[in-house]
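Summary of structural features
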Amino acid sequence: MKNKILVLGSLTLLSASLLVMNSCNSLPKGLRTVQDFDKDKYLGNWYEIARLDFVFEKNLNNTTAEYSLNEDESIKVVNRGYNYIKNKYVSSTGKVKFAGNSNEGKLKVSFFGPFYSGYNIIALDSDYKYALVAGESLKYLWLLSREKTMPNDIKEAYLKTAKDLGYNTSKLIWVKHN
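Here's what I pulled together on the structure shown here. (Residues numbered from 1 in each chain as written. Predicted model: local features only at pLDDT ≥ 70, side-chain atom pairs only at ≥ 80, totals over all residues. Heavy atoms only, no water.)

Let's shift gears to the pairing of strand 8 (residues 141–145). Taken across its five residues, strand 8 has five buried, putting it largely inside the fold. Neither face of strand 8 is exposed, since Leu141, Leu143 and Ser145 on one face and Trp142 and Leu144 on the opposite face are all buried. Note: strand 1 (residues 44–52) against strand 8, four bridges, orientation antiparallel. Bridging from a neighbouring strand, Glu48 pairs with Leu144 of strand 8. Judged from the five bridges that link them, strand 7 (residues 130–134) and strand 8 form a sheet pairing that is antiparallel. Of the residues in strand 8, the one forming a bridge with Leu132 is Leu143. Taken together, strand 7 and the strand that follows it, strand 8, pair antiparallel across an intervening segment of six residues. (Buried < 20%, exposed > 50% of the residue type's maximum accessible area, 1.4 Å probe, protein only. Helix = DSSP H or I, 4+ residues; strand = E, 2+ residues; numbered from the N terminus. Pairing = 2+ DSSP bridges.)

What follows is the structure, encoded as structure tokens:
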């Protein structure tokens, strides 16, 4: 019995370790992150223009993400949105770290302690006004802008990039901003 518990405990620890390692470096196949990334230019407020919906952003409009530096040089992110079903604003604070080199848009984000998920910047204009961000799989995608709108030419280019990578862009939720 003691050996069974030891084996089960070891398997649980191994599974959890693999999950954490996998989520830290997750990048959908064929996807490349931006190079020459400057975290200082990325800091500040971003408006969510569109997303593939998932449980943590369900029923949210007016969604934003604000990035700032923590004392340890990691990045703090505060996601906010208005839940139009519950008629109230909600927010969540997380921590962003580089998943590789600090000059590459391959990041990881955690809202739940030691568990990180991929946050991959796959397109970014030179002025850091518009970004296309992919999660750890083809289930997660965001179009972000420094303003509440995004020019059609940028939007179309980002949609084409996403489609070419295998994203189902017909399922995007187009966020309303008041």
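Now for the nonpolar core. Tyr42, Tyr67, Val96, Tyr119, Ile121, Val133 and Leu144 are the most contacted members of the largest nonpolar core, which totals 18 residues. Contributions of two or more residues to this core are made by strand 2 (60–69), strand 3 (75–83), strand 5 (106–112), strand 6 (115–124), strand 7 and strand 8. Those residues within four positions of Tyr119 in sequence are excluded, and the remaining contacts are Tyr42, Tyr67, Gly105, Lys106, Leu107, Lys108, Val109, Val133, Ala134 and Leu144. Counting residues in each nonpolar core, the second largest holds 17 residues, with Leu52, Leu132, Leu143 and Leu159 among its members. (Core = buried A, V, L, I, M, F, W, Y, C linked by side-chain atoms within 4.5 Å. Contact = heavy atoms within 4.5 Å.)

Its location among the elements puts Asn62 in strand 2. Taking relative accessible area as the criterion, Asn62 reaches 10% and is therefore assigned buried. For Asn62, the side chain forms a polar contact with the main-chain nitrogen of Asn178, separated by 2.6 Å. If we skip the residues at most four places from it in the chain, Asn62 touches Arg80, Gly81, Tyr82, Tyr89, Val175, Lys176, His177 and Asn178. (Polar contact = N/O pair within 3.5 Å; in protein donor to acceptor, adjacent residues only side chain to side chain.)

The calculated volume of the largest pocket comes to roughly 1,000 Å³. Elements with a minimum of two residues in the lining of the largest pocket: helix 1 (2–24), strand 2, strand 3, strand 4 (88–98), strand 5, strand 6 and strand 8. Considered class by class, the residues forming the lining of the largest pocket number 20 nonpolar, twelve polar and six charged. (1 Å grid on protein atoms, 1.4 Å probe; cavity = no way out; pocket = protein on both sides within 12 Å on 5 of 7 lines; lining within 4 Å. Points joined across faces, edges and corners; volume = space filled by probe spheres on them. Nonpolar A, V, L, I, M, F, W, Y, C, P; charged D, E, K, R; others polar.)

Turning our eyes to something else, we now look at the pattern of salt bridges. Pairing is possible between side chains of opposite charge, provided their charged atoms come close. Applying the stated criterion across every chain yields a total of seven salt bridges. Across the pair Arg80 and Glu66 runs a salt bridge, and its minimum N-O distance is 3.3 Å. Residue Arg80 is found in strand 3, and its partner Glu66 is found in strand 2; the two are separated by 14 residues along the sequence. Notably, a salt bridge pairs Lys95 with Asp72, separated by 3.1 Å at the nearest N-O pair. In this pair, Lys95 is assigned in strand 4 and Asp72 in the loop between strand 2 and strand 3, connecting sequence segments 23 residues apart. For Lys95, a relative accessible area of 28% translates into the label partly exposed. (Salt bridge = Lys/Arg side-chain N within 4 Å of Asp/Glu carboxyl O.)

Applying the stated rule across the entire model yields twelve aromatic pairs. With a centroid separation of 6.2 Å and an interplanar angle of 70°, the aromatic rings of Phe54 and Phe56 are classed as edge-to-face. By relative accessible area, Phe54 is classed as partly exposed at 21%. Among the aromatic side chains, those forming a connected cluster through ring pairs are Phe37, Tyr42, Trp46, Tyr67, Phe98, Tyr119 and Tyr128. Sitting over the ring of Tyr116, Lys108 keeps its end group 5.2 Å from the ring centre. (Phe/Tyr/Trp six-rings, centres within 6.5 Å; stacked < 30°, edge-to-face > 60°. Lys NZ or Arg CZ within 6 Å of the ring centre and 35° of its normal.)

By themselves these figures say nothing about function.
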